[in-house]
Amino acid sequence: MSKKVKVNILRQDSPDSASYWQRFELPVEHGMNVTTILLRIAAMRTTLDGDKVSPVAYDACCLEEVCGACSMRINGRVRQACSALVDNLLQEEPEITLEPMTKFPKVRDLVVDRRRIFEGLKRVKAWAPVDGYGSRGTPDRMSQADQEEAYPLSRCMSCGCCMEACPQFNDRDDFIGPHAVGQAILFNTLPAGKALADDRLDALAGAGGIAACGNAQNCVKVCPKDVPLTISIAKAGRATTFHTIKRFLKS
Amino acid sequence: MTNVTGLYAIGEADYQYHGGNRLGANSLLSCIFTGLFVAPGIRGYIDTHAVDIPSSLLDGRKKAEQDRHNELVKSNGSENPRTLHDELGDTMTRNVTVVRNNTALAETVSKVAELKERYKNMGSPDGGNWTNQSVAFARALDDMITMAEVIAQGALMRDECRGAHFKPEFNIASPDAHDDAGLRQQAVEWCKKFHAKNEKWLKSTVADYNGGDVQYAYEEVDTTLVPVRPRTYGLKGAEIIEEVWQEQFVKKTTAGTA
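Since this is a predicted model, take the numbers as computed values, not measurements. The written sequence of each chain sets the order in which its residues are numbered from 1. Naming scheme: in the order in which they are written, chains are lettered from A and ligands are numbered from 1. Reporting in this predicted model follows two pLDDT cut-offs: at least 70 for local features of residues, and 80 or more for side-chain atom pairs to be given and counted; totals over whole chains, interfaces and linings ignore these cut-offs and use all residues.

### Digging into the domain arrangement of chain B
Threshold: Domain delimitation follows an automatic or database domain assignment.
You can read the domains of chain B as domain 1 (1–53), domain 2 (60–171) and domain 3 (172–254). Measuring from the centre of the C-alpha atoms in domain 1 of chain B to the corresponding centre in domain 2 of chain B gives 24 Å.

Written out as structure tokens, the structure reads:
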């Protein structure tokens, strides 16, 4: 008899309905991850109590921890379902528990509305303004030191983990989120992004910007890509201070 | 946009992702990228060009898609789409990747036909209309089964070994003689077989599907700009094969265009 795993899933049929738990049991496969568990449940459709149920709704895309779509709370800790391996999880807890992220509006089961992640990026203009087809020539070269600072920031995949773990990110506040601070610093470092540097600092200095950060440092602890979020927040603090003084002297 | 106004080819259907340059499975990012910038393009096209299209033109199609959706949501057969998908993926991964042989391909074709039948007896795992991922998946599965049928049947009909569609049964054996004269003689034979293979199989498979049985046809490959030449790496006497090919076969194959 192969090893089996019990999986508890917090389900919810629609955004406004009540949530409820379901319990499943299935054989452990070699190299199995949480996404595979959800696939097997979709094929099996039977709970531990023998009830026939609809497949669990969940998001997934790249299955290699680069897209950030499958973030959820696994054994109470927010992370990606694709890179959460059953063998490792069973060393943490005897069973596996899956819940949707709590900081985003529920859609169904493990699916949440992650629009606010993208809205945060829009607020800090986290892009290089190079629309159009005309050649803009070769951008300035970056120093080795700047490249080494920028690269870790570019690993951010907007998965939502930092926001889920952040006490300041909630529905009572309009904090842009740690990821957006990191991306503002990234694009302010990139030669192709510098044209919007002042706009980004304005956004960071404004409401919901870095002043909303309480420095709990949970973000950097849960980040699956080791993005130096707290370093970015510190840099943003310094840069917005200078930026604001400069603004004041200019006016 | 394709040369049919208003028809877009996005992702892997796009023009630049084909076996000629993408054998390394490195097209994922490019596919995502085209999706990312074509989607706003389509939106722009609809807003600027498609506003005056009469709704009567679209209503029929809309209704057909809605009917298909409703039918799938209400379906109550005994087959689970995830199970069918697992079986399809399993047989395709086993038999229709790089190394292919006709016995396994024939088995695959009948397995896919079986899945196509079983699909008709599918039961929707989810009767809801809110974030019903099962129905979207079941719709995609229908197309996957058709694509699998075309890929497996097309491969079965093609009795040749070419590049990354490797059929060992039809591989032209490498020359193996120990002296130049022997190698040259074998190279001539090799080139003859290669030439004969091209005469028969240097063509694209075209599958025509309109809901009924798939019709297969072949289309000549345009070789006027890039003439056919043997791919000789890993072959013994590769230079001799190339020499023989240049001397004895190039004039023949390009005579019409020279």
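On we go from here.
### With respect to the packing of helix H1 (residues 34–44) of chain A against helix H3 (residues 81–95) of chain B
Rules: Only the stretch in contact is used when fitting a helix axis, every axis being a line fitted to C-alpha atoms; angles between N-to-C directions are given from 0 to 180 degrees. In DSSP terms, a helix is any run of H or I states spanning at least four residues, a strand is any run of E spanning at least two, and both are numbered starting from the N terminus. Here contacts are defined at the residue level, using C-beta atoms placed from the backbone and a cut-off of 7 Å between them. When residues are sorted by character, Ala, Val, Leu, Ile, Met, Phe, Trp, Tyr, Cys and Pro go into the nonpolar class, Asp, Glu, Lys and Arg into the charged class, and all the rest, Gly among them, into the polar class.
Two elements in contact, H1(A) and H3(B), have axes whose closest approach is 7 Å; the angle formed by their N-to-C orientations is 120 degrees. Residues A:Leu39, A:Ala42 and A:Ala43 of H1(A) touch H3(B), and the partners they reach there are B:Arg82, B:Thr83 and B:Asp86. Grouping the amino acids of the contact of H1(A) with H3(B) by side-chain chemistry returns three nonpolar, one polar and two charged.

### A closer look at the interface of chain A and chain B
Many authors give the size of an interface as the accessible area that is lost as the parts come together. The interface of chain A with chain B comprises 11 residues on the first partner and 11 residues on the second. At the level of secondary structure, the elements contributing two or more residues to the side of chain A that touches chain B comprise H1 and strand S6 (106–108) of chain A. Residue contributions to the side of chain A that touches chain B peak at three residues, all from H1(A). Among the residues making up the side of chain A that touches chain B, the classes are represented as seven nonpolar, two polar and two charged.

### A closer look at the pairing of strand S1 (residues 203–208) of chain B
All names here are of chain B. Applicable threshold: Here a residue counts as buried when 20 or more other C-beta atoms fall within 10 Å of its C-beta, as exposed when 12 or fewer do, and as partly exposed in between; the C-beta atoms come from the backbone. Here the rule is simple: two strands pair whenever DSSP picks up at least two bridges between them.
Counted residue by residue, S1 has zero buried out of six residues, so it is predominantly exposed. Examined bridge by bridge, S1 and strand S2 (residues 215–220) share six bridges and lie antiparallel to one another. Paired with Lys203 across the two strands is Glu220, which belongs to S2. Connecting the antiparallel pair S1 and S2 is a turn made up of six residues, with Gly211 showing a positive phi of about 95 degrees.

### Notes on the packing of H3(B) against helix H5 (residues 133–157) of chain B
Residue and element names in this part refer to chain B. Worth spelling out the cut-off: Any angle that falls under 35 degrees is termed roughly parallel, while one over 145 is termed roughly antiparallel, one within 65 to 115 roughly perpendicular, and all others oblique. Handedness of a crossing follows from how the near helix is turned relative to the far one, being left-handed for an anticlockwise turn of less than a right angle and right-handed for a clockwise one.
Packing of H3 against H5 leaves a shortest axis separation of 10 Å and a crossing angle of 30 degrees. The pairing of H3 with H5 is recorded here as roughly parallel in orientation. The two elements H3 and H5 meet at a crossing, and its hand is left-handed. Of the residues in H5, those touching H3 at Pro81, Leu84, His85, Leu88 and Met92 are Ser134, Phe137, Ala138, Leu141, Met144, Ile145 and Ala148.

### So, unusual backbone geometry
Residues and elements named next belong to chain A. Positioned with a positive phi, Leu63 is a non-glycine residue whose angle comes to about 60 degrees. A residue is classified by how many C-beta atoms lie within 10 Å of it, and Leu63, with 16 of them, is partly exposed. Backbone geometry at Gln217 places phi at a positive 65 degrees, although glycine is not the residue there. As for its position among the elements, Gln217 is in the loop between helix H7 (197–205) and helix H8 (218–222). Owing to 14 C-beta atoms within 10 Å, Gln217 belongs among the partly exposed residues under this scheme.

### Here we look at the domain arrangement of chain A
Residues and elements named next belong to chain A. Annotation of chain A at the domain level lists domain 1 (4–112) and domain 2 (115–250). Spacing between the C-alpha centres of domain 1 and domain 2 amounts to 31 Å. The partner domain 2 presents 13 residues to the 12 residues of domain 1 that form the contact. By residue class, the composition of the side of domain 1 that touches domain 2 is five nonpolar, four polar and three charged.

### Here's the deal with helix H3 (residues 115–123) of chain A
All names here are of chain A. Basically, it comes down to this: What the arc describes is the spread of directions from the helix axis to the C-beta atoms.
Within the span of H3, buried status applies to Arg116, Ile117, Gly120 and Arg123. Seen along its axis, H3 keeps its buried residues to an arc of 125 degrees; they face one direction. In H3, the exposed residues that point more than 90 degrees away from the buried face are Arg115, Phe118 and Lys122. Looking at the buried residues of H3, the elements they touch are helix H5 (161–165), helix H6 (178–189) and H7. Directly beyond the C-terminal end of H3, a positive phi value near 50 degrees is found at Lys125.

### Regarding the nonpolar core
Inclusion rule: Connectivity within a nonpolar core runs through C-beta atoms within 7 Å, and the core itself is a set of buried Ala, Val, Leu, Ile, Met, Phe, Trp, Tyr and Cys residues.
Among the nonpolar cores identified, the biggest contains 60 residues, and A:Tyr58, A:Ala81, A:Leu98, A:Cys162, A:Val181, A:Ala184 and A:Leu204 are the most heavily contacted of them. Ranked by residues supplied to this core, first place goes to H6(A) with six residues. Counting contributing residues per domain, this core is built from domain 1 (4–112) and domain 2 (115–250) of chain A, each supplying no fewer than three. Look past the residues within four positions of A:Ala81 in its chain and what remains in contact with it is A:Asn33, A:Val34, A:Thr35, A:Tyr58, A:Ala60, A:Cys70, A:Met72 and A:Ile74. In terms of nonpolar packing, the next biggest core, distinct from the first, is built from 11 residues, B:Val109, B:Ala148, B:Ala152 and B:Leu156 among them.

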